[in-house]
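Each chain, written out:
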Amino acid sequence: MANNYNVCVLGATGMVGKEMIKILEEQNFPVARFLPLASERTAGSKVTFRGKEYTVEEAKPGSFKDMQIGLFSAGAKVSKVFAPEAAKAGCVVIDNTSQFRMDPSVPLVVPEVNPQAIKRHKGIIANPNCSTAQMVLPLKPIYDKAGIERIVVSTYQSTSGWGKEAIAEMYDQTKKLLADPRARVEAKYIFKQIAFNCVPQIDQFTDNGYTKEEMKMYDETRKIFEDDNIQVTATCVRVPVAIGHSETVNVKTRKKISIAEVRKLIGSFPTCVVMDDPAKGIYPTPIECEGRNETFVGRIREDISQENGIDMWIVSDNLRRGAALNAVLIAQKMITDKLI
Ligand code: 3JN
């Protein structure tokens, strides 16, 4: 009989944590014991797993004894403290924060793209940033076939990427402005007014003029492809959408590849769906992709401005593909490959 595993979710009350719990249920993950954990602030609240209500416990260094898999999404600072503790206790951590992503001893994994990296783990495996995860999926078969020289990406990121408070802020501002277009609205979580607006800042600025989010896309893409020759330039923008990140992606390949071939490659890559018939108005939008596990690609076309250039539009549910689903898929892959 297949094994069952003791699984804890750290950050169980957050948007990603809740999605993790939902996906463990949906995927019928082999859970023996389920332990929801959170920081002191939200410990004590209730979550439901497989019809049973659980009280969320406060994470403590001793919480991970007897746990085998830990899905962490309570912020980088929390992971910094607890992931090493959990790993020491024999609980393999799949961490959704930026804390360990660029640590050379920690694999950074999208299971369909670089599953080979999982086996190098020493107790912690990192989940990429949501914008990176959905981008590298359709790019992987192109990379394998034609090589990638450079990626120019602009993102249109939903407010859920910044947490439930950011979504609430968007709706709150929207309601106020609908009632009174001259109302002054407060921007507390997102850097500027997000209702009826676009904000070209996600996370803090770094010394080179890029934001941390943009540098995550640069660093993480190169690490996942294990190729420091790929050039990546990103502009990350917050848009007034609740769930689902979109990206315009321009790729310069090393070898010539036809658009027909690109469509075929992406369409036959696991978990990628080509949704691309502009004449019939068919292309993905975040509303259509919310709650879905696939990564949707449309507007695939030849870049008329350069040799070997391809343009495309990539949309995915950031809470799933870019976070909770990716983490659960890593855990499933460890089980099927007998790495746990
Ligand atoms: O805003 C988004 O759409 C994605 C945000 C991700 C994020 C937000 C705060 C801290 C991260 C992340 O996953 O990279 C982090 C972090 O872990 O540093």
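This text goes with the structure placed above it.
Residues numbered from 1 in each chain as written. Predicted model: local features only at pLDDT ≥ 70, side-chain atom pairs only at ≥ 80, totals over all residues. Heavy atoms only, no water.

What follows deals with the environment of K18. Within the secondary structure, K18 sits in helix α1 (residues 15-26). As a C-alpha pair, K18 and N96 span 78 residues in sequence and 13 Å in three-dimensional space. Not counting chain neighbours up to four residues away, the residues in contact with K18 comprise A12, T13 and K164. (Helix = DSSP H or I, 4+ residues; strand = E, 2+ residues; numbered from the N terminus. Contact = heavy atoms within 4.5 Å.)

A word on the sheet that holds strand β8 (residues 124-126). Taking strand neighbours across the sheet as the criterion, the six strands line up as β5-β2-β1-β6-β7-β8 in an open arrangement whose pairing is parallel. What marks the edges here is a single partner per strand, and that holds for β5 (57-58) and β8. Here strand β2 (residues 31-38) pairs with β5 via two bridges, running parallel. Bridge pairing links A38 to E58 in β5. In the packing of α1 onto the sheet, contacts are made with β1 (5-10), β2 and β6 (69-72), and the angle to β1 comes to roughly 155°. (Pairing = 2+ DSSP bridges. Axes fitted to C-alpha atoms, helices over the stretch in contact; angles between N-to-C directions.)

Most of β1 is tucked away: six of the six residues are buried. Sheet topology places β1 next to β2; five bridges connect them, and they run parallel. Each residue of the ladder has a partner; that of L10, found in β2, is L37. Regarding topology, α1 serves as the crossover connection from β1 to the parallel β2, and that connection is right-handed. In this structure, β1 lies alongside β6, joined through four bridges in parallel fashion. When the bridges of β6 are listed, V7 appears paired with I69. (Buried < 20%, exposed > 50% of the residue type's maximum accessible area, 1.4 Å probe, protein only. Right-handed = clockwise from strand over helix to strand, strands pointing away.)

The next subject is the sheet that holds strand β9 (residues 148-157). Reading across from one edge, β10-β9-β11-β14-β13-β12 is the order of the six strands in this open sheet, with mixed pairing throughout. Of all strands in the sheet, those with a lone pairing partner are β10 (231-238) and β12 (272-274), marking the two edges. Direction aside, the axes of adjacent strands within the sheet are offset by 20° on average. Helix-sheet contacts for helix α5 (residues 212-224) involve β9, β10 and β11 (245-253), and the interaxial angle to β10 is about 145°.

The next subject is the site of the ligand. Surrounding the ligand, one finds 14 residues, the nearest of these being S98, R101, Q157, K216 and R238. Here an oxygen atom of the ligand sits 3.3 Å away from a polar atom, N or O, in the side chain of N129. Against a free-state accessible area of 420 Å², the protein chains account for coverage of 80% of the ligand. Of the residues assigned to the shell around the ligand, the class counts are three nonpolar, seven polar and four charged. (Near = heavy atom within 4 Å. Polar contact = N/O pair within 3.5 Å; in protein donor to acceptor, adjacent residues only side chain to side chain. Areas by Shrake-Rupley, 256 points an atom, 1.4 Å probe, with all protein chains shown as cover. Nonpolar A, V, L, I, M, F, W, Y, C, P; charged D, E, K, R; others polar.)

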